[in-house]
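Here is what each chain is made of, one letter per residue.
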Amino acid sequence: MAVINLKNRQIECKLVYYGPGRSGKTTNLEYIHKAFKKQVTGKMISIDTEGDRTLFFDFLPLGLGKIKGCDVKVQLYTVPGQVKYKATRQLVLKGVDGIIFVADSLAVRREKNMISLKDLHENLLKMGLSIRKIPLVLQYNKRDLESKGLPVMPVQKMEQELNRQLKVPSFTASALSGDGVGHTLNQALKLTLQSLQNEFKWAQ
Amino acid sequence: MDLGEKIKKYYKEAELYTSHGLLAEALEKYKSVEGLVKSTSNIRNRQGILKQLSIKIEETNHKILKLDGPKTTPEVAEDAQSLMKEMFSFDDPEARGSSALGGAIALAKFGQYDKAIEEFNRLLEYENLRLEAAKNILWCWIEQNYTDYAVSLYQKWRKTKLFPQKEAESLQKYFNELMDKTGMDHEIDGLESQRTVEPDSELDDDEILDISSVRFILPRGPKEGERTELEISFQSGKYIRMIISRREKDLVDSINPGDLLKDIVFYSPVAIFSGEGYVSSKNEIDAGPKKGDYSLEIKIIKIVS
């Protein structure tokens, strides 16, 4: 849940990168950390990994400066994607204001995307939240791998399988090079701040 | 696409999947390549290629087994634990307004049991937080499969009447439910019916070598967190006894009966090994040349390596 201090005109909200293991959630954060230096207000913390897999979460604090008269701070988190870390995902999701679902475009990961989206839906339900109501953006990551000869799903197919019912904004991306990372984050922030405005009327 | 091209394409895919950490997918591709190579004898260096593929398959299988193993929750660095406490203790109904309790609960939920127990133990001092702290301590021990120790701790609290009647009942109910979930046969309701107050040892007496000294971290008091090394004055199977000089008051106050020592190094004339032990007694010696010194007894519960 966002912390809103109307007296001091401050907002602090929490965005979580969700998605199957190895879909590129940590890579998104690493790129943001590298490319948005002005907005990054602290060091990126990756809490323990097994090889290069996230076991707990990654954390990156951002400061967006003044928006509509309010000082806006954002905490970005990733969840561990491996199925066995469901409890940790539930914990990291606590207090979430907006979600970026990072789907893997590789054809071989089709089912993993669907399982992870279902897992997100279930975890939100447990917290009394609806996947249809929470600010959510989809990112179809690893588009660059097509040029390396790996079979990648057409965007249209991914839209149909993951976004047919949700109808949320979606972006193609290659997090390693940074393509689409900023657009995805911008849209997620926009939706989240809009949602907080509807709820708390924070904007002047 | 001819066979050669197909083999090259699949192999390249397998290598790319490996480099992206998609091991199951890589394994499938390596196996497809192996199948293609085996199906034809018209390939140069066929045996060499098959050998190479077999190595790749074995390596990938090994990595998958390692990753698919049981969930690991390693202890993380102190700054990471601070972040867990700070960021995940909010709005927790279990915290009942106490950020200290909420922080410790967050640590426990992230599997940082040692640090969480350390914090809950500190909170046992506060009357208004004692019950929640105690429940969480029991939960932490059971989550780590130290059921016997949880039972002994619960019994100790009951015996020392740490909780008023109503809270004791609440703790008993909670603990019974926890124990039910473990599915283990247990008897915790009445103190008289206890099979033992000490946790069981996994070891037989004759499994344990003669031990000359031990080293462990002091669990409480003025020397909490410091390592100490003590010489063994007497050993009977899994029970070892040490003498602590009366002049080392801080050391005496830093360990008590009921403490679980999770990281003991045992030194024997023929080997060094590590394990876990339970402090079964600490008594002041009241006669003889060592009068006024303390006798400390540890029961060895487990040998780890």
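What you see is a predicted model; the values in this text were computed from it and never measured. Counting from 1, residues in each chain are numbered in the order their sequence is written. Chains and ligands are labelled by the order in which they are written, letters from A for the one and numbers from 1 for the other. Selection of residues for local features in this predicted model requires a pLDDT of at least 70, selection of side-chain atom pairs for listing and counting requires 80 or more, and totals for whole chains, interfaces and linings are taken over all residues. Only hydrogens and water are set aside; all other atoms, that is, all heavy atoms of the structure, feed into the side-chain values.

## Some words on the overall build of chain A
Okay, step 1: A count of helices and strands for chain A gives five helices and 10 strands.
Okay, step 2: Each radius of gyration reported is based on C-alpha atoms, and the globular scaling rule is 2.2 Å times the count of residues to the power 0.38. Relative to a compact globule of 204 residues, whose C-alpha radius of gyration would be 17 Å, chain A shows 16 Å and is just as compact.
Okay, step 3: Here, residues are in contact when the closest pair of their heavy atoms is within 4.5 Å. Residue pairs at least 24 apart in sequence account for 69% of intrachain contacts in chain A once pairs closer than 6 positions are excluded.
Okay, step 4: Total accessible area on chain A is roughly 9200 Å²; 52% of this is exposed by carbon and sulfur atoms. Runs of E in the DSSP output that reach at least two residues are strands. Runs of H or I that reach at least four are helices, and both are numbered from the N terminus. For the accessible areas, the method is Shrake-Rupley and the probe is 1.4 Å, while residue cover comes only from the protein chains on display.

## Focus on helix α6 (residues 113-123) of chain B
The periodicity of an α-helix, 3.6 residues per turn, causes residues three or four positions apart to be oriented the same way.
Okay, step 1: Inspection of α6(B) places B:Y113, B:K115, B:A116, B:I117, B:E119, B:F120 and B:L123 among the buried residues, and these make up the whole buried set.
Okay, step 2: Where α6(B) is buried, its residues touch α4 (78-88), α5 (99-109) and α7 (127-143) of chain B. Relative accessibility decides the category of a residue: with a 1.4 Å probe and only protein chains considered, values under 20% of the type maximum give buried, values over 50% give exposed, and everything between is partly exposed.

## Some remarks on unusual backbone geometry
Okay, step 1: In the Ramachandran plot, A:K167 falls in the positive-phi region, its phi being about 55° despite a non-glycine side chain.
Okay, step 2: With respect to the element layout, A:K167 can be found in the loop between α4 (155-162) and β10 (170-172).
Okay, step 3: By relative accessible area, A:K167 is classed as exposed at 67%.
Okay, step 4: At B:N45, a position not held by glycine, the phi torsion is positive, near 55°.
Okay, step 5: Residue position: B:N45 is located in the loop between α2 (23-38) and α3 (46-67).

## Quick look at the state of the cysteines
Residue and element names in this part refer to chain A.
Okay, step 1: Only a pair of cysteine sulfur atoms within 2.5 Å counts as a disulfide in this structure description. If you walk through the whole model with that rule in mind, you get zero disulfides over all chains.
Okay, step 2: Of the cysteine sulfurs around C13, a residue in no disulfide, the closest is that of C70, at 11 Å.
Okay, step 3: C13 sits in the buried class, given a relative accessible area of 2%.

## Considering the environment of B:N283
All names here are of chain B.
Okay, step 1: Looking at where N283 falls in the secondary structure, it is placed in strand β5 (residues 272-284).
Okay, step 2: N283 gets classed as partly exposed once you look at its relative accessible area, which sits at 45%.
Okay, step 3: When sequence neighbours within four positions are dropped, the list of residues in contact with N283 reads D293, Y294 and S295.

## A closer look at the confidence of the model for chain B
All names here are of chain B.
Okay, step 1: Across chain B, the average pLDDT comes to 85, with 90% of residues at or above 70.
Okay, step 2: For chain B, the element scoring lowest by mean pLDDT is α4, at 85; α2 scores highest, at 94.
Okay, step 3: pLDDT expresses how confident the predictor is about each individual residue, on a scale running from 0 to 100. Taken as a whole, residues 190-196 scores under 50 in pLDDT and shows 12 contacts with residues more than four places along the chain or in a different chain.

## With respect to the environment of B:V33
All names here are of chain B.
Okay, step 1: Within the fold, V33 resides in helix α2.
Okay, step 2: Through-space distance from the C-alpha of V33 to that of E58 is 14 Å; in sequence the pair is 25 residues apart.
Okay, step 3: Setting aside residues up to four positions removed in sequence, V33 forms contacts with I7, Y10, Y11 and L53.

## Notes on the pattern of salt bridges
Okay, step 1: One speaks of a salt bridge when a side-chain nitrogen belonging to Lys or Arg is within 4 Å of a carboxyl oxygen belonging to Asp or Glu. For the structure on display, the rule yields 23 salt bridges over all chains.
Okay, step 2: The salt bridge partner of B:D259 is B:R220, with a shortest N-O separation of 2.5 Å. Of the two residues, B:D259 is situated in the loop between α10 (249-252) and β4 (260-267) and B:R220 in the loop between β1 (213-217) and β2 (227-236); the sequence distance between them amounts to 39 residues.
Okay, step 3: We classify B:D259 as buried; its relative accessible area is 5%.
Okay, step 4: One connected set of salt bridges, linked through shared partners, spans A:K86, A:R89, A:K118, A:D119 and A:E122.

## Details of the packing of aromatic side chains
Aromatic ring pairs are reported here in terms of the distance separating the ring centres and the angle at which the planes meet.
Okay, step 1: The criterion for an aromatic pair is that two Phe, Tyr or Trp rings (for Trp, the six-membered ring) have centres within 6.5 Å, with stacked assigned to planes under 30 degrees apart, edge-to-face to planes over 60 apart and tilted to the rest. Here the structure, examined in full by the defined rule, presents 15 aromatic pairs over all chains.
Okay, step 2: Summarising the aromatic geometry, the rings of B:F266 and B:F273 are spaced 5.3 Å apart at their centres and angled 25° between planes, so their arrangement reads as stacked. For the pair shown, B:F266 and B:F273 are each scored as buried.
Okay, step 3: Members of the aromatic cluster, connected to one another through ring pairs, are A:F56, A:F57, A:F59, A:Y77, B:F88 and B:F110.
Okay, step 4: A ring is considered to have a charge above it if a Lys NZ or an Arg CZ atom is located within 6 Å of its centre and within 35 degrees of its normal. Seen from the ring of A:Y77, A:K14 lies directly overhead, with NZ or CZ sitting 4.6 Å from the centre.
Okay, step 5: Its guanidinium or amino end placed over the ring of B:Y10, B:K29 lies 4.1 Å from that ring's centre, counting from NZ or CZ.

## Section: the domain arrangement of chain B
Where the parts come together, the accessible area they lose is often given as the size of the interface.
Okay, step 1: Domain segmentation is taken from an automatic or database assignment of domains. The domain boundaries assigned to chain B delineate domain 1 (3-67), domain 2 (84-193) and domain 3 (205-303).
Okay, step 2: With centres defined by C-alpha atoms, the gap from domain 1 of chain B to domain 3 of chain B works out at 55 Å.

## As for the side chain of B:E13
Okay, step 1: With respect to the helices, strands and loops of the structure, B:E13 is situated in helix α1 (residues 3-19).
Okay, step 2: Discounting residues that sit within four places of it in the chain, B:E13 has contacts with A:G149, A:L150, A:P151 and B:K29.

## Thoughts on the packing of α5(B) against α7(B)
Residues and elements named next belong to chain B.
Okay, step 1: Note on method: axes are straight lines fitted to C-alpha atoms, helices fitted across the in-contact stretch only, with angles between N-to-C directions ranging 0 to 180 degrees. Interhelical geometry of α5 versus α7 gives an angle of 10° and a closest axis separation of 11 Å. What the angle tells us is that α5 and α7 run roughly parallel. Along the contact surface, α5 presents L101, I105 and A108, while α7 presents L129, E132, A133, N136, W139 and C140.
Okay, step 2: Three categories are distinguished: nonpolar for Ala, Val, Leu, Ile, Met, Phe, Trp, Tyr, Cys and Pro, charged for Asp, Glu, Lys and Arg, and polar for the others, with Gly belonging to the last. Among the residues forming the contact of α5 with α7, the class breakdown is seven nonpolar, one polar and one charged. In what follows, roughly perpendicular refers to angles from 65 to 115 degrees, roughly parallel to angles under 35, roughly antiparallel to angles over 145, and oblique to any angle outside these ranges.

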